[in-house]
2 protein chains.
Amino acid sequence: MAYEYIELHPDGPPLYRQLTDSLKTAMETGRLRRGERMPSIRKFSEDLGVSRTTVEAAYQQLCVEGYLKSEPKRGYFVLSGEQPGNAAPRRAPAVSAPLAGRFRYNLGTDCADAENDDLRIWRRHVRDVLNRREIIVSYGDHQGEPALREALAAYAGRARGIAAGAEEIVVGAGSQPLLYLLCGLAGRRRAAIGEHGFAQAEQVFRDCGIEVVPLPYDENGIDPEALRRSGADLAYVSPSASVEGGSAMPTSRRFELLRWAQETGGILIEDDYNGELRYRAHPIPAMQGMAGGDRVAYLGSFSKLLLPSVRIGYMVPPPSLLPLYRERARNYNQTASKIEQLALAAYISSGQMERRLRRLRKLYAAKSQLMKKSLASVFPGRRFTLEETALYFRTRVAPEEAEALCRRAADEGVRVRTRESRDGVFAALSFSGIPAEDIPGAIEALGRAWNEKG
Amino acid sequence: MAYEYIELHPDGPPLYRQLTDSLKTAMETGRLRRGERMPSIRKFSEDLGVSRTTVEAAYQQLCVEGYLKSEPKRGYFVLSGEQPGNAAPRRAPAVSAPLAGRFRYNLGTDCADAENDDLRIWRRHVRDVLNRREIIVSYGDHQGEPALREALAAYAGRARGIAAGAEEIVVGAGSQPLLYLLCGLAGRRRAAIGEHGFAQAEQVFRDCGIEVVPLPYDENGIDPEALRRSGADLAYVSPSASVEGGSAMPTSRRFELLRWAQETGGILIEDDYNGELRYRAHPIPAMQGMAGGDRVAYLGSFSKLLLPSVRIGYMVPPPSLLPLYRERARNYNQTASKIEQLALAAYISSGQMERRLRRLRKLYAAKSQLMKKSLASVFPGRRFTLEETALYFRTRVAPEEAEALCRRAADEGVRVRTRESRDGVFAALSFSGIPAEDIPGAIEALGRAWNEKG
């Protein structure tokens, strides 16, 4: 093998970097082709007259950047080049490259509409925190950074009617670490959850040895009579988004559930997933604030409000569990990134979060209307349900067709995913990541994909 | 109340910011004094002729920056000004301000020696990731960013002898989220742990309904006979730092434990806390690689290696549990910050992590020698044990004296903390955060604090 394309200058930049660059160029110009196996580290280093470390570092850099792939015991293979048509990615594809290449429209539920302005502000806050040496060379607070808890207490009070001071708030990297903590504190045996289910919460319950009981919905949400009969001592509800059609649970039903908790000593876990994001009507305050929070554990998060990459959630445990929490607090290491916690604190305290909320409510109201109209005109016969705070329309599909529907959509340049839940398989068409002006085109493309054989 | 110190210009910067600045100046110049109650938001806004939002935003900004404190139902109070002498902080003090003010020397175990160079490189990597829009507007990989897992697979293989490809590695925000996941996968009933105990792991076991059995140590570490008798089906060990005196567990004992696991079907959880950081001898490879990893779940982390604020750990589950993990992987949201994961991937792949390791080994060898000498000369009668990879000397103290010892040290400007473990109370004198040149002075100050009454 001739390596005439490799240029190394002893007095240039670090050798591994020169090697990395030469190899990139070789791949980009087609001298090295996709799937080609690279020389072994030992052979390459001997041939080039450089150390093995240099070759290894270059290979690793190229792996990180997606040019090479390392296969245990087999060696390094060239990854870059054209995407072959139907190669199934080994896992959920990274959103960047495949999206750009394969999809014209992204209706996936895993993207957010981040206007440049908010991104810019968020970056600025992260950079500000990053520049404060004392923050990044020390551990954080077990319960969450005090500045963030102060900001959350004020925000959650205003935006969601939550009655809690900074001392009553526990921060974590999303809901799951907080749920584990809560399950440990509460020491319960049986958790009720709506029949659609919620895999992430159920997994935590099972990991903690708690039995999961799915409960039927009626038109107002989870059925309190079924809850009583179930013998559950824990109930997981999302009152902001728990009723068929994405409506919020009415206040009367909330009080019925609170009554169940008070009479049986049960605990309600209120997952306020995007509760502040309701745009069709004024947001309904959280249950936590309705009953003094006595029997409610409140869970809030920000993935959809801010940026999906920011995994910060918070919990307000029921007051009765706080003394036990304080005893154990030091046994739980904080999971959320300290830098992102402090950036979020600044973002909230400066009023930016609430400004963003107001903008998002308007934006999502407009986008959901637009998608509704497009769907009605392209799919006159099909039923679509708006899941308001989850930011998508869902439509039932035959389980055996799910894969083909996604594939046919992809062939038309539309990224769509289906989800299994206890009561069937659904396609979720999200309007959260796609720009408003692309929505009509996306639904038309979906019509070509789905209506031709339908 | 006269507010003549407040200057607001209608055509200047946003009003809340002008108000914030005026209030800061008022506190810094002593017009507003520590403990003073601020006017209510309503009153202040009326008096100043600005909106309540303006006042509220200013108050919140000041809370975040530590100038004000909000007390639920009581109002806002001035926090800045001189620290009163013995005010007990309500929780673990933030490392920044109180340290600067009260302590000349920091022997706390919660700081890291971060040279400017590494900080600079780390910041650069974070900034690079932050600038990639597609990364921060999308969710991450459930199992951990592929680039990080690739980098970890290569690093852990080289640095710790771990046999695992990127597909076998699960990333999380430190060990606890990974332990919850493992407990759920393994479905065990009884976990053995060394008699010193490890509160964070025990808490996870208990939260998952797993009984915890403390086991005695002999001179080689956890006693395999006691382990057999305990009936445990899970054993939590730190073979790199598990023997009295901070020595690593000898290879013979590691094989005995592996034999226990193979014969009984037990699982060994290998917490390789700072395993790569041994500086007195060459690091001993992890147990995971010794037996093909068959019965071992490996846990690695980076808090002490890189920066305490970076909470990223990784796990290699036993191969037998991988199929079940793959089934459930989507039920677990990733907990580690996506930005920090990708920054860490770049940091490792560029060879920086291993360069840092080599530097740290030298540095900690020198600092531990220096502290050992200082301790021997200042406290000739007292026994100090070096916990090598934990980076501190420990010394037994009488439980009833623990608080007074910390206080007397603080009076001499030295920050020291004590820890309770199952077999007593110990003071931990860490050399990780303090600059080498300060060590002799710190130990002399500690001598003044502790020897006077001793």
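Residues numbered from 1 in each chain as written. Chains lettered and ligands numbered in written order. Predicted model: local features only at pLDDT ≥ 70, side-chain atom pairs only at ≥ 80, totals over all residues. Heavy atoms only, no water.

A few words now on the sheet that holds strand 13 (residues 385–387) of chain A. Residues and elements named next belong to chain A. On the basis of which strands lie adjacent, the open sheet formed by four strands has the order 13-14-17-16 and antiparallel pairing. Looking at strand neighbours, the two that pair on one side only are strand 13 and strand 16 (417–421), the edges of this open sheet. Strand-to-strand twist across the sheet, computed as the mean angle between neighbouring axes with direction ignored, equals 40°. By the bridge criterion, three bridges tie strand 13 to strand 14 (residues 392–397) in an arrangement that is antiparallel. Each residue of the ladder has a partner; that of L386, found in strand 14, is F393. Those strands touched by helix 15 (residues 402–411) are strand 14, strand 16 and strand 17 (424–430), and its axis lies near 160° from that of strand 16. (Pairing = 2+ DSSP bridges. Helix = DSSP H or I, 4+ residues; strand = E, 2+ residues; numbered from the N terminus. Axes fitted to C-alpha atoms, helices over the stretch in contact; angles between N-to-C directions. Contact = heavy atoms within 4.5 Å.)

At the interface, 76 residues of chain A touch 76 residues of chain B. Counting the surface lost from both chain A and chain B, the interface buries some 6,700 Å², and carbon and sulfur atoms represent 51% of this. Where chain A packs against chain B, one counts six salt bridges. The salt bridge involving B:E56 is made with A:R158; its shortest N-O contact spans 2.8 Å. At the boundary of chain A with chain B, the tally comes to 27 residue pairs in polar contact (both at pLDDT 80 or more). At the level of secondary structure, the elements contributing two or more residues to the side of chain A that touches chain B comprise helix 3 (52–64), strand 1 (68–71), helix 5 (116–130), helix 6 (133–136), helix 7 (146–160), helix 8 (175–186), helix 9 (199–207) and helix 13 (338–349) of chain A. Here the residues of the side of chain A that touches chain B sort into 30 nonpolar, 23 polar and 23 charged. (Buried area = accessible area lost by both parts, 1.4 Å probe. Salt bridge = Lys/Arg side-chain N within 4 Å of Asp/Glu carboxyl O. Polar contact = N/O pair within 3.5 Å; in protein donor to acceptor, adjacent residues only side chain to side chain. Nonpolar A, V, L, I, M, F, W, Y, C, P; charged D, E, K, R; others polar.)

Turning to the sheet that holds strand 16 (residues 417–421) of chain B, a few remarks are in order. Residues and elements named next belong to chain B. Read across the open sheet, the four strands follow the order 13-14-17-16; overall the sheet is antiparallel. Of all strands in the sheet, those with a lone pairing partner are strand 13 (385–387) and strand 16, marking the two edges. Geometrically, the sheet is characterised by an average inter-axis angle of 40° between neighbouring strands, direction not taken into account.

All names here are of chain B. Across the seven residues that make up strand 17 (residues 424–430), a large majority, six, are buried. In terms of strand pairing, strand 14 (residues 392–397) meets strand 17 through six bridges, oriented antiparallel. Directly across from Y392, in strand 17, lies its bridge partner S430. Bridge analysis of strand 16 against strand 17 gives five bridges, and the strand direction is antiparallel. (Buried < 20%, exposed > 50% of the residue type's maximum accessible area, 1.4 Å probe, protein only.)

Okay, the side chain of B:D223 next. All names here are of chain B. You can see D223 is positioned in the loop between strand 8 (221–222) and helix 10 (224–230). It turns out D223 is buried and unbridged, and the closest side chain with the opposite charge, R229, is 4.8 Å from it. Dropping the residues within four chain positions of it, D223 is found in contact with P216 and R253. (Lys, Arg positive; Asp, Glu negative; His and termini not counted.)

Domain boundaries assigned for chain A yield domain 1 (15–85), domain 2 (100–109 + 355–449) and domain 3 (119–350). The centre of domain 1 of chain A, based on its C-alpha atoms, is set 46 Å off from the matching centre of domain 3 of chain A. (Domains from an automatic or database assignment.)

All names here are of chain A. When the pLDDT values of chain A are averaged, the result is 84; 88% of them are 70 or greater. Taking the mean pLDDT of every element in chain A, the minimum, 43, falls on helix 4 (residues 96–102) and the maximum, 98, on strand 4 (residues 170–172). The complex model carries a pTM of 0.73, and its ipTM stands at 0.71. (pLDDT = per-residue confidence, 0-100.)

Take the nonpolar core next. Ranked by size, the top nonpolar core spans 145 residues in total, and within it A:F302, A:W450, B:L107, B:F302 and B:W450 carry the most contacts. Sequence-distant contacts of A:W450, defined by excluding residues within four places in its chain, comprise A:F379, A:R382, A:T395, A:L405, A:R408, A:A409, A:V416, A:A427 and A:L429. Counting residues in hydrophobic clusters, the runner-up holds 58 residues, among them A:L299, B:C183, B:F205 and B:L234. (Core = buried A, V, L, I, M, F, W, Y, C linked by side-chain atoms within 4.5 Å.)

Before going further, it helps to spend a moment on the relation of the copies chain A and chain B. Mapping chain A onto chain B leaves a residual RMSD of 0.2 Å; the transformation is a rotation of 180° accompanied by 0.0 Å of translation along its axis. Both copies of the chain, as the preceding transformation shows, are related through a two-fold rotation axis. The rotation axis passes nearest to the C-alpha of A:C208 in chain A, at a distance of 1.9 Å. Taken as a fraction of all interface residues of chain A, those also at the interface in chain B reach 100%, which identifies the copy contact as same-surface. (Least-squares fit on C-alpha atoms with pLDDT ≥ 70 in both.)

With that settled, the discussion passes to the packing of aromatic side chains. This structure, assessed with the given rule, holds 25 aromatic pairs over all chains. Judged by centre distance (6.1 Å) and plane angle (80°), the ring pair of A:F205 and A:Y236 falls under edge-to-face. One end of the pair, A:F205, is in helix 9; the other, A:Y236, is in strand 9 (residues 234–237), and 31 residues separate them in sequence. Taking the relative accessible area as the measure of exposure, A:F205 reaches 0% and is therefore buried. Of the residues examined, A:Y236 reaches a relative accessible area of 4% and is grouped as buried. Pairing B:W122 with B:Y347 gives two aromatic rings, centres 6.0 Å apart and planes at 80°, and the pair type is edge-to-face. (Phe/Tyr/Trp six-rings, centres within 6.5 Å; stacked < 30°, edge-to-face > 60°.)

Time to look at the state of the cysteines. Evaluated as defined, the whole model comprises zero disulfides over all chains. In this structure A:C183 is not part of a disulfide, and its nearest cysteine sulfur, from A:C208, lies 4.4 Å away. (Disulfide = S-S within 2.5 Å.)

Below, the discussion takes up the pairing of strand 9 (residues 234–237) of chain B. All names here are of chain B. Side chains L234 and Y236 project from strand 9 onto one buried face, and the interleaved A235 and V237 project onto a second face that is buried too. Where strand 5 (residues 190–194) meets strand 9, three bridges bridge the pair, whose relative direction is parallel. What sits directly across from A192, in strand 9, is A235. When strand 9 meets strand 10 (residues 267–271), the two strands line up parallel, connected through four bridges. What sits directly across from A235, in strand 10, is L268.

Let's shift gears to the pattern of salt bridges. Throughout the structure, instances matching the rule amount to 41 salt bridges over all chains. Where A:D118 meets A:R359, a salt bridge forms, and the shortest distance between an N and an O atom there is 2.6 Å. Highlighted residues: A:D118 in helix 5 and A:R359 in helix 14 (residues 352–378), separated in sequence by 241 residues. Owing to a relative accessible area of 31%, A:R359 belongs among the partly exposed residues under this scheme. Two residues, B:E225 and B:R228, come together in a salt bridge whose shortest N-O distance is 3.9 Å. Here B:E225 and its partner B:R228 are both found in helix 10, three residues apart, which amounts to about one turn of the helix. Through salt bridges with shared partners, one network takes in A:E56, B:R158 and B:E354.

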